[in-house]
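A look at the structure
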Amino acid sequence: MQAATMRLNQNTLLLGKKVVLVPYTSEHVPSRYHEWMKSEELQRLTASEPLTLEQEYAMQCSWQEDADKCTFIVLDAEKWQAQPGATEESCMVGDVNLFLTDLEDLTLGEIEVMIAEPSCRGKGLGTEAVLAMLSYGVTTLGLTKFEAKIGQGNEPSIRMFQKLHFEQVATSSVFQEVTLRLTVSESEHQWLLEQTSHVEEKPYRDGSAEPC
């Protein structure tokens, strides 16, 4: 797999039962994303620093253009489908990301998920978003190994990844995080396909994401 393959999702929409995954564009920055990242709780859970709006736009451009990153904004599927003409911004609940951490091993991706809207947590949206991203990573990006690094205090996220067959492989007292890993064997691949058989891949809008 070439690293540039990670950008293939810029024209892709993934439609599930609970979530819709769409590419992260500049339209998503000012309305919800920037407001989310002002939250001290989310900064703690995602090990992030508060950014200015200009910095957030630059970060979005990085995620869209960098060859080692792949990100989707997570929309509430029920809200998105129940309201014809609803804007993506009004349905945003979080994001899910994959990025290459070892350019000598392009089959390994680190995965992150954030359900930023408190009212949408604990309802399975994060689980479906991760499953869809894992399946996309295997099928489209050629990944066969995944890692998730999660704060030690974020027990709901740790439990979710463990339910998705990730196993804890390391603990860092310095960064106060645990590392979980999933190696996609043939049986794991089959299980993943079964879990995401309902997810439809569709073209995103007119098939062209705007340039940064």
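Residues numbered from 1 in each chain as written. Predicted model: local features only at pLDDT ≥ 70, side-chain atom pairs only at ≥ 80, totals over all residues. Heavy atoms only, no water.

If you look the protein chain up in an unreviewed UniProt entry, it shows as Alpha/beta-tubulin-N-acetyltransferase 9 from Homo sapiens. Its UniProt record gives the protein chain the following Sequence similarities (unreviewed entry) comment, quoted word for word: "Belongs to the acetyltransferase family. GNAT subfamily." (UniProt positions renumbered as here; feature names shortened; annotations may be inferred.)

1. Some details on the overall build of the protein chain
If you tally the helices and strands in the protein chain, you get 8 helices and 9 strands. When the 212 residues of the protein chain are sorted by exposure, 44% land in the buried category. Residue pairs in contact within the protein chain that sit at least 24 positions apart in sequence constitute 69% of those at least 6 positions apart. For the protein chain, the accessible area works out to roughly 10,600 Å², and carbon and sulfur atoms hold 50% of it. (Helix = DSSP H or I, 4+ residues; strand = E, 2+ residues; numbered from the N terminus. Buried < 20%, exposed > 50% of the residue type's maximum accessible area, 1.4 Å probe, protein only. Contact = heavy atoms within 4.5 Å. Areas by Shrake-Rupley, 256 points an atom, 1.4 Å probe, with all protein chains shown as cover.)

2. Focus: the packing of aromatic side chains
Under the definition given, this model contains 2 aromatic pairs. Ring geometry for Phe72 against Tyr136: centres 5.5 Å apart, planes inclined by 85°, an arrangement best described as edge-to-face. Here Phe72 is found in strand 3 (residues 69-76), whereas its partner Tyr136 is found in helix 6 (residues 125-139), with 64 residues between them in sequence. Pair check on accessibility: Phe72 and Tyr136 agree, each one buried. The interplanar angle of 80° and the centroid separation of 5.0 Å between the aromatic rings of Phe161 and Phe166 together place this pair among those described as edge-to-face. There is no split in this pair, since Phe161 and Phe166 are both buried. (Phe/Tyr/Trp six-rings, centres within 6.5 Å; stacked < 30°, edge-to-face > 60°.)

3. Some details on unusual backbone geometry
With glycine set apart, most residues show a phi of negative sign, and most peptide bonds adopt trans. The residue His165 is not glycine, and still its phi comes out positive at about 80°. Inspection of the secondary structure puts His165 in the loop between helix 7 (155-163) and strand 7 (167-172). The phi angle at Gln176 is positive, at roughly 50°, despite the residue not being glycine. The residue Gln176 is located in the loop between strand 7 and strand 8 (177-183) in this model. Residue classification places Gln176 among the exposed positions, given a relative accessible area of 53%.

4. Some thoughts on the state of the cysteines
One pass over the structure, following the stated rule, counts 0 disulfides. Free cysteine: Cys91, not disulfide-bonded; nearest cysteine sulfur from Cys120 at 10.0 Å. (Disulfide = S-S within 2.5 Å.)

5. What about the pairing of strand 8?
Examined bridge by bridge, strand 6 (residues 145-151) and strand 8 share 7 bridges and lie antiparallel to one another. What sits directly across from Glu147, in strand 8, is Arg181. As judged from the 5 bridges shared by strand 7 and strand 8, these two strands associate in the antiparallel manner. Looking at strand 8, one finds that Ala170 is bridged to Thr179. Taking the residues between adjacent antiparallel strands as the criterion, strand 7 and strand 8 are bridged by 4 residues, where Gln176 takes a positive phi near 50°. (Pairing = 2+ DSSP bridges.)

6. Re helix 6
Over its 15 residues, helix 6 extends 21 Å from the first C-alpha to the last, a length consistent with the 21 Å expected when each residue adds 1.5 Å. The buried fraction of helix 6 is high, at 13 of 15 residues. (Expected span 1.5 Å × (residues − 1).)

7. Some points on the pattern of salt bridges
Under the criterion given, the structure shown has 5 salt bridges. For Lys69, the salt bridge identified is with Asp68, shortest N-O distance 3.6 Å. In this structure, Asp105 engages Lys145 in a salt bridge whose closest nitrogen and oxygen atoms are separated by 3.2 Å. Residue Asp105 is located in the loop between strand 4 (92-100) and strand 5 (108-115), and its partner Lys145 is located in strand 6; the two are separated by 40 residues in the primary sequence. Among the residues examined, Lys145 registers a relative accessible area of 18% and is labelled buried. (Salt bridge = Lys/Arg side-chain N within 4 Å of Asp/Glu carboxyl O.)

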